[in-house]
Number of protein chains: 2
Amino acid sequence: MGFDSGTIIDPVKLATSDHASVVSITLFVTLLCTCIVIGHLLEENRWMNESIIALIIGLGTGVFILLVSGGKSSHLMLFSEDLFFIYLLPPIIFNAGFQVKKKQFFRNFITIMMFGALGTLISFIIISLGAIAFFGRMDIDLAIGDFLAIGAIFAATDSVCTLQVLSQDETPLLYSLVFGEGVVNDATSVVLFNAVQDFDLSHINTGIALQLIGNFFYLFITSTALGVVAGLLSAYVIKKLYFGRHSTDREVAIMMLLAYLSYMLAELFYLSGILTVFFCGIVMSHYTWHNITENSRITTKHTFATLSFVAETFIFLYVGMDALDMEKWKVVSDSPKTSISVSATLLGLVLLGRAAFVFPLSFLSNLTKKSPYDKIDFKKQITIWWAGLMRGAVSMALAYNQFTRAGHTQLRGNAILITSTITVVLFSTVVFGLMTKPLVRLLMPSSKQLSRMISSEPLTPKSFNVPLLGESMDSEGELFGANGSEAHGGGQTGVRPSRLRMLLTTPTRTVHYYWRKFDDAFMRPVFGGRGFAPYVPGSPTEENVHYWQGENKY
Amino acid sequence: MGFDSGTIIDPVKLATSDHASVVSITLFVTLLCTCIVIGHLLEENRWMNESIIALIIGLGTGVFILLVSGGKSSHLMLFSEDLFFIYLLPPIIFNAGFQVKKKQFFRNFITIMMFGALGTLISFIIISLGAIAFFGRMDIDLAIGDFLAIGAIFAATDSVCTLQVLSQDETPLLYSLVFGEGVVNDATSVVLFNAVQDFDLSHINTGIALQLIGNFFYLFITSTALGVVAGLLSAYVIKKLYFGRHSTDREVAIMMLLAYLSYMLAELFYLSGILTVFFCGIVMSHYTWHNITENSRITTKHTFATLSFVAETFIFLYVGMDALDMEKWKVVSDSPKTSISVSATLLGLVLLGRAAFVFPLSFLSNLTKKSPYDKIDFKKQITIWWAGLMRGAVSMALAYNQFTRAGHTQLRGNAILITSTITVVLFSTVVFGLMTKPLVRLLMPSSKQLSRMISSEPLTPKSFNVPLLGESMDSEGELFGANGSEAHGGGQTGVRPSRLRMLLTTPTRTVHYYWRKFDDAFMRPVFGGRGFAPYVPGSPTEENVHYWQGENKY
């Protein structure tokens, strides 16, 4: 590249790292920088978001490499599930838990669980049955396990895409519902995928169904517990040992490492790492974050956000580049019609499968809510349906896993499904993704929450000012007042079966109330947290501020 | 591991990432956490430092795995040069450049260059000749290229070790000399290693020698220039586009990515990535760091330090675990005497080779210095000699590269050299490392600089309060006053050839003076920097503070 090696001795490098990987890393880092700069310049644009920019740049680079290499290859690295699941996904999901509005999330906990578990199951069944019905006519030869895998692959909302198109500040309810659903349905997917592995249609009975349900709850509870324990451990260790005394670096390092450890432990025990690291993030933001020094708080908050941001951009960049890989397209190039109809069928099934649970479950959820603020009106239902349609890198990784393993990657059916997955991912991310921002603005104009949220303390992760589960009772009056724009919502708002509602809302309130008492009386004195860390001797107190500010390095 | 999978369906994981890598990553993260906690608890201990703790924990884990696996293997990953040179080394060296005391570094620039270039060459010659002389008698069969490689491997000071045992705050002069030497001699090593590849003793003449010298300067200048350009580019881009307007995450991300890009570009063009990323760090701390928002400043400073800290700990942990790998020891187990004598010879040659340049070059350096503060007295010379004796992961990586490639890893000579390298690395790190802290305290008791340094502004990377090259003239009076404890230094201090000294110091001063004028008049107005960023419209000004503080996320 214009580098004159004439007078220089031969490039036999001292470090001898594999030069091909140096080339591809350099290219990826350059592209990431480009994405960030362009994303910054197009910040005000109402259509664009970072993921679409990264996807387009990735596609462009793919075309360029394809031309340079003479049509051989469009990507520089093989798609690695390890890279995705071990390095890129954990920081994204952890940061989402760390920055999530806990109040919103726990208030809608039951709805989120319904969407994530029941909804994913409904979607899975519809997509699987649809695939069996349509693909049979299209002359595509697949085993029953493959059809069920298609259901599992396309039933899961991509949490990463959701983060990109929905804003927690502008639409907190939608964000918590759609993103929360995405986190919970990871556990559902694990159960479904495991069940699919050795599925026998002839032996399905109530016993097996109950066992699957039991597995889901087991997985959900153990994964969550692991995340909570890891978070509490970090809070306790940092509070007791008070790392900030010697070094802010140790605090930051131990927080990061423990968060990552929780994910890896979940993977080690075949649990849902996504659920674990998400809850670890919630607990860390509630306790651990308050036990560290001021500088560490700023550092962790921004570092987690930056890592997550870079990982997201990287994923979309990669998906864009990988989409043009010739290998896969060659096999299907003789039957473009089949490939297109498979992709279209899958897109239709995704749309249908999601509609089949969003509207009924929203109706059920509305029955249990008193406050119109918590109700999901029809406009919101449409947005929830739409915002969860995108399929991203998770679907890609699962499709690669199912259809390229054990050497039968050259089978026509498998090749068609791989290319169709790429088509669905590209189409849903670009088209649905582009239209989500305008749709949200159209259906929910000038939400009043926006200004309220932005005025909150910028130095704390979002909503750290409210207790983990509390304040929903006190603030209900305020919420009524603040939501004039939502009171006229159509659909189910009129239906008010007050008896059922009372029955269902009371336990939730009681749980909130007792949790708050417990948090104040036991949890925070032991694990630290807002308002508690400074008053315990030996932990980071205000009096020590000048001491640790004098420290520069460990 | 106590995980009951009886009621759970088979662990066929959804994510399907390679389970072996999950196990080893989990173990490494756990060990890293342990190292950090123990390092914190032993902070006050005068003997210990983080690297020795990590090394010991690594050794212990190695023994444990060895016992569990029945003597088969003691490590979970293969030693990967890619991991080391692509992922672990860049953050360490970048952070060193980012936090280095620029004043100290540039004031001693000529001495550092002498140590790094000439010193490494002297050391290389002595160790190579010594190896040829001794190993011939020990019945070890090696090619001439291997002997020269041994010289290059053991001539290089390990910058990572230096960072661990010398404190920039307590002994700024020593730190800048030994660490600066370590950075410069990376360029020397590249030239030497390349020259060694096709070396022909019979054809050595003045022309080839001159060409090697030319190569060194070419490599040094291009590598430095690349780092400076990357740093200035980041400063200019961040100043012009003002990322902080929308998102602090983008600022932090672009700084990290550009720093990493500089290293990867250097590797891509077969330059010295260590030199490049070091100078990139210096330029970024001088310009870029002042152009970003306050939160980003805190974040970048601590994130770079944390990443560097974790990478260092990881390296030592790994070296400890890898040391017990049975494969290598089996080959040499029938000739333990040879192995021990080779290791002892190498250690002796390292000691001798370093002594052969530290004392003469210090004498030369003292001739050019007027201020006793800048002079290297005899006690300091001993410390410099001692503190640069450690050999670490860099030596390991080079030895693996030289002696295990092209399949001839089973040769007896090669196996002995691998195990001897491990022995030298362990011995020098543990023994020399353990004794450095007490030695520094013994030879340089209660340095007055300590209190002076600690009182400096804690929120800026060290020594950001002084211009890049300036103030050496103005502050000379102060330095005289502040160094009563160093005025009685023995050795060469008495010799004052004033004519030669004047001749040599004047250009340095003139360079300092003009650089400062240039920096104030051109560089800072264009690239930002302390005192300049706030006054340029469109860049991060104080008036904008409330604006970007209102932003929470991109």
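Residue numbers here run from 1 along each chain, matching the order of that chain's written sequence. Both sets of labels track the order of writing: A upward for chains, 1 upward for ligands. With pLDDT at 70 or above as the cut-off, local features in this predicted model cover only qualifying residues; side-chain atom pairs require 80 or more to be listed or tallied, and sums for whole chains, interfaces and linings still use all residues. Computation of side-chain values covers all heavy atoms of the structure but excludes hydrogens and water.

Going by what an unreviewed UniProt entry lists, chain A is known as Sodium/hydrogen exchanger and is assigned to Sesamum alatum. UniProt positions are given in the numbering used here, feature names are shortened, and annotations may be inferred rather than shown by experiment. According to the UniProt record, the Subcellular location (unreviewed entry) comment for chain A is "Membrane".

S.K.: Is there a simple way to think about unusual backbone geometry in this case?
M.R.: Leaving glycine aside, a negative phi is the common case for residues, and trans is the common case for peptide bonds. Despite not being glycine, A:Tyr270 has its phi angle at roughly 60 degrees, a positive value. Numbering of helices and strands runs from the N terminus, with a helix taken as a DSSP run of H or I at least four residues long and a strand as a DSSP run of E at least two residues long. Locating A:Tyr270 in the fold gives a position in the loop between helix H10 (248-268) and helix H11 (273-291).

S.K.: Honestly, the nonpolar core in this entry has me stumped. Any pointers?
M.R.: Side-chain atoms within 4.5 Å are what join buried Ala, Val, Leu, Ile, Met, Phe, Trp, Tyr and Cys residues into a set we call a nonpolar core. Buried, partly exposed and exposed residues are distinguished by accessible area as a fraction of the type maximum, computed with a 1.4 Å probe on protein chains only: under 20%, between the cut-offs, and over 50%, respectively. Counting 274 residues, the largest nonpolar core has A:Phe135, A:Ile150, A:Phe278, B:Phe135, B:Ile150 and B:Phe278 as the members making the most contacts within it. Any two residues whose heavy atoms approach within 4.5 Å are treated as being in contact. Apart from the residues within four sequence positions on either side, B:Phe278 is in contact with B:Ile93, B:Ala96, B:Gly97, B:Val100, B:Phe105, B:Phe179 and B:Val183.

S.K.: What am I meant to see in helix H9 (residues 206-241) of chain B here?
M.R.: In an α-helix, one full turn covers 3.6 residues, which means residues spaced three or four apart are oriented alike. One fewer than the residue count of a helix, multiplied by 1.5 Å, yields its expected span. Taking 1.5 Å of rise per residue, 36 residues should cover 52 Å, and H9(B) covers 52 Å from first to last C-alpha, within 8% of that figure. Positive phi shows up at B:Tyr242, right after H9(B), with a value of about 50 degrees.

S.K.: What should I look at first to understand the packing of aromatic side chains in this one?
M.R.: Each aromatic ring pair is characterised by the separation of its centres together with the angle its planes make. Two rings from Phe, Tyr or Trp (for Trp, the six-membered ring) form a pair when their centres are within 6.5 Å of each other. A pair whose planes differ by under 30 degrees is stacked, one over 60 is edge-to-face, and the rest are tilted. In total, this model carries 52 aromatic pairs over all chains according to the counting rule given. Between A:Trp385 and A:Trp386, the ring centres sit 6.0 Å apart and the planes meet at 65 degrees, which makes this aromatic pair edge-to-face. A:Trp386 carries the same exposure label as A:Trp385, and that label is buried. Between B:Phe84 and B:Phe85, the ring centres sit 4.9 Å apart and the planes meet at 80 degrees, which makes this aromatic pair edge-to-face.

S.K.: I'm lost on a nonpolar patch on the surface in this one. Help?
M.R.: All names here are of chain A. On the surface, a nonpolar cluster with roughly 480 Å² of combined accessible area is contributed by Leu-118, Leu-121, Ile-125, Leu-129, Ile-132 and Ile-144. In terms of residue count, the dominant contributor to the nonpolar patch is helix H5 (residues 109-137) (five residues). Within the secondary structure layout, Ile-144 lies in helix H6 (residues 144-155). Using a relative accessible area of 37% as the deciding quantity, one classes Ile-144 as partly exposed. The patches reported here contain residues having more than 30% relative accessible area and no salt bridge. Joining distances are 9 Å for like charges and 5 Å for nonpolar side chains (Val, Leu, Ile, Met, Phe, Trp, Tyr). Here, Shrake-Rupley sampling with a 1.4 Å probe gives the accessible areas, and only protein chains in the shown set may cover a residue. The term salt bridge refers to a side-chain nitrogen of Lys or Arg lying within 4 Å of a carboxyl oxygen of Asp or Glu.

S.K.: Even after reading the chapter, I still don't get the side chain of A:Thr421, so can you show me in this structure?
M.R.: With respect to the element layout, A:Thr421 can be found in helix H17 (residues 412-443). When neighbours within four sequence positions are excluded, A:Thr421 is seen to be in contact with A:Phe154, A:Ser395, A:Met396 and A:Ala399.

S.K.: Is there a simple way to think about the pattern of salt bridges in this case?
M.R.: Pairing between side chains of opposite charge can happen when the charged atoms of each approach one another. Residue and element names in this part refer to chain A. Inspection of the entire model under this criterion finds eight salt bridges over all chains. Note that Glu-294 is salt-bridged to Arg-297, the shortest N-O span being 4.0 Å. Placement of both Glu-294 and Arg-297 in helix H12 (residues 294-322) is noted, with a separation of three residues, approximately one turn of the helix. Overall, the relative accessible area of 34% leaves Glu-294 in the partly exposed class.

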